[in-house]
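Each chain, written out:
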Amino acid sequence: MSTPTSTRQWVLSNKPTSLPVLSGPNPTFHLESAPLPPLGTDQVLLKTLFLSNDPAQRGWIDANILPERLYIPPVQLGEAMRAYGVALVVESTAQALPKGAYVVAGTKWSEYRVLDASECQEIKEVEGVGLTQYLGALGLTGLTAWYGLVEVVKASAEDGTVVVSGAAGATGSMVVQIAKKMLGVKRVVGIAGTEEKCRWVEGLGADVCLNYKSKGFKEELVKATDGFVEVYFDNVGGEILDLMLTRMKRFGRVAACGTISGYNTDEPVGLRNYLEVIMNRVEIKGFVVIDYLPKAREARERFLKAVKEGKLVVGENETVVDTAFEDIPKTWLKLFEGGNTGKLVTKLT
Ligand SMILES: NC(=O)c1ccc[n+]([C@@H]2O[C@H](COP(=O)([O-])OP(=O)(O)OC[C@H]3O[C@@H](n4cnc5c(N)ncnc54)[C@H](OP(=O)(O)O)[C@@H]3O)[C@@H](O)[C@H]2O)c1
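Here we summarise the structure given alongside this text. Along each chain, the written sequence defines residue order, and numbers are assigned to residues from 1. Per-residue local features are limited, in this predicted model, to residues with pLDDT of at least 70; the limit for side-chain atom pairs, both in listing and counting, is 80 or more; totals at the level of whole chains, interfaces and linings are taken over all residues. Hydrogens and water are ignored here; the side-chain numbers use all heavy atoms of the structure.

Right, let's talk about the overall build of the protein chain for a bit. A tally of regular secondary structure across the protein chain gives nine helices and 15 strands. All radius of gyration figures rest on C-alpha atoms, and the globule criterion is 2.2 Å times the number of residues raised to 0.38. Relative to its length of 349 residues, the protein chain is compact, with a C-alpha radius of gyration of 21 Å against a globular reference of 20 Å. Expressed as lengths along the three principal axes of its C-alpha atoms, the size of the protein chain is roughly 65 × 50 × 35 Å. Residue burial is assigned from relative accessible area. The probe radius is 1.4 Å, only protein chains are included, and a residue is buried under 20% of its type maximum, exposed over 50%, and partly exposed in between. Each of the 349 residues in the protein chain was classed as buried or not, and the buried ones make up 51%. Counted over contacts in the protein chain with a minimum sequence separation of 6, partners at least 24 positions apart contribute 69%. A total accessible area of about 16,100 Å² is found for the protein chain, and carbon and sulfur atoms account for 52% of it. In the protein chain, 39 positive and 41 negative side-chain charges are present, and the distance between their average locations comes to 4 Å. Counting from the N terminus, the helices are the DSSP runs of H or I reaching at least four residues and the strands are the DSSP runs of E reaching at least two. Contact definition: two residues touch when any of their heavy atoms are within 4.5 Å. For the area figures, the Shrake-Rupley method with a 1.4 Å probe applies, and any residue is considered shielded solely by the protein chains shown. As used throughout, the charge tally considers Lys and Arg to be positive and Asp and Glu to be negative, leaving His and the chain termini uncounted. Where a charge sits is defined by one atom per residue type, namely NZ (Lys), CZ (Arg), CG (Asp) or CD (Glu).

The next thing to look at is the environment of tyrosine 112. Summarising the element assignment, tyrosine 112 is placed in strand β6 (residues 112-116). Counting along the chain gives 78 residues from tyrosine 112 to alanine 34, while the straight-line C-alpha distance between them is 10.0 Å.

For the ligand, the set of nearby residues contains 26 residues, the closest of which are Lys197, Tyr212, Tyr263, Val289 and Asn340. Any pair of N or O atoms that falls within 3.5 Å is considered a polar contact. Within protein, one atom must be able to donate a hydrogen and the other to accept it, and sequence-neighbouring residues count only if both atoms are side-chain atoms. Valine 289 is positioned such that a nitrogen or oxygen atom in its backbone is 2.7 Å from an oxygen atom of the ligand. In the complex, the protein chains occlude 89% of the 910 Å² of accessible area that the ligand would expose alone. Going through the elements one at a time, α2 (140-152) and α3 (170-182) are the ones with two or more residues in the shell around the ligand. The class makeup of the residues in the shell around the ligand is 13 nonpolar, 12 polar and one charged. Proximity criterion: a residue is near a molecule or strand once any of its heavy atoms comes within 4 Å of it. For this classification, the nonpolar set comprises Ala, Val, Leu, Ile, Met, Phe, Trp, Tyr, Cys and Pro, the charged set comprises Asp, Glu, Lys and Arg, and every other residue, Gly included, is treated as polar.

Every helix has an expected span of 1.5 Å times one less than the residues it contains. Relative to the 18 Å expected for 13 residues at 1.5 Å per residue, helix α8 (residues 296-308) spans 19 Å between its end C-alpha atoms, a close match to the ideal helical length. Residues of α8 that are buried include every one of Ala296, Ala299, Arg300, Phe303, Ala306 and Val307, and no others. Buried residues along α8 cover an arc of 120° about the axis, so they all sit on one side. Among the exposed residues of α8, those oriented more than 90 degrees off its buried face are Arg297, Glu301, Lys305 and Lys308. Packed against the buried residues of α8 are β7 (121-122), α2 and α3. This arc describes the spread of directions from the helix axis toward the C-beta atoms.

Take the buried Ala, Val, Leu, Ile, Met, Phe, Trp, Tyr and Cys residues and link them wherever side-chain atoms come within 4.5 Å; each set so joined is a nonpolar core. Of all hydrophobic cores here, the largest spans 49 residues; its most connected members are Leu149, Val176 and Ile178. Of all the secondary-structure elements, those providing two or more residues to this core are α2, β8 (161-165), α3, β9 (187-192), α4 (195-204), β11 (229-234) and α8. It is α2 that provides the largest number of residues to this core, a total of six residues. Apart from the residues within four sequence positions on either side, isoleucine 178 is in contact with Gly142, Ala145, Trp146, Leu149, Leu183 and Phe303. Counting 20 residues, the second-largest nonpolar core is a separate cluster that includes Trp10, Leu70, Ala83 and Trp332.

All right, on to the packing of aromatic side chains then. The rule is short: rings of Phe, Tyr and Trp, with Trp giving its six-membered ring, pair when the centres are within 6.5 Å, and they are stacked under 30 degrees, edge-to-face over 60, tilted in between. Here the structure, examined in full by the defined rule, presents seven aromatic pairs. Taking the centre distance of 6.2 Å and the plane angle of 75° together, the rings of phenylalanine 233 and phenylalanine 287 count as edge-to-face. Taken as a pair, phenylalanine 233 in strand β11 and phenylalanine 287 in the loop between β13 (283-286) and α8 lie far apart in primary sequence, 54 residues in all. Residue phenylalanine 233 shares its accessibility class with phenylalanine 287, and that shared class is buried. When the centroid spacing of 5.4 Å and the interplanar angle of 85° are considered together, the rings of tryptophan 332 and phenylalanine 336 count as edge-to-face.

Any link to function would need more than the numbers given here.
Next comes the structure, spelled out in structure tokens:
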């Protein structure tokens, strides 16, 4: 194969206030071709193989979030959409990262990208762990679950019950397993969007998982949290968070991880039960996983050990979608339709 000199990439053309649109007069993204620079010293040419799909990407392009209130610079109009991916090094001037190596890097929604080798994290192959898991269980979502539980709400075997929403998603499915099997929390209650997902979450170790779209959800949640709960790991915000505020024990702790129920609307649900926070001295602590990246190696080593000991399932908690380059945004939008069980990964075909 001759070295490519240009790449196709998906570029941000309109910042959304609601669900991103893929067609019509004002689509959120458009596809274009851009030249690739020649390799400088200690650089690599990457070919993107897999893309991580993250709800956070929605925040990076939102029209209503002020740049100074976001935790990283927003994606600019005309810029290739930011994304993490697993890529193959196809050319290299970096001794430390030769041609043929696999890396996790900021590939963007781009077929090829030239990056400094120092911006790439090489994947050292480990038996039983596939490349895609470096985007999910052993990637940022796994780290989010670990640090959210261990450092943000300090969950431990002392805790009677941990409830987690988005339990069948990338982060939630790791929260369930870490809480139950690595930290020894007595009871784990999951919340997810279908019966099938709920049974899958129970298979991962949750004592019970409740379908928030079922008619009896509220009553079932009250029953499942009889005696109230020490920890709530919130991936969704909105109605479920509001309800969970009424189920917290006195001095309970909430890990405010995400609020996906509100990402595609400019009128997210407000909290009617806020008084519960005061009356019951509930601690709600927001966090962003990038603050914990300097410690990532420690958590990954724990995960690899847990995989070997059979305490952590990483092979099955992903939905890998074969995707033509033209359909990258379409696969990403599956996140907001509940189209994934475990980590949603795009496999470029
Ligand atoms: N703070 C951080 O550093 C950090 C890092 C990573 C992720 N996050 C946050 O954590 C959450 C989960 O992220 P993830 O990457 O693990 O994604 P994910 O859970 O794998 O995928 C999204 C899932 O969210 C659920 N969902 C979609 N719309 C919903 C709605 N309106 N109400 C309730 N649930 C809805 C769907 O599952 P159902 O079928 O169950 O509805 C969907 O499958 C997101 O809010 C994300 O922003 C935060």
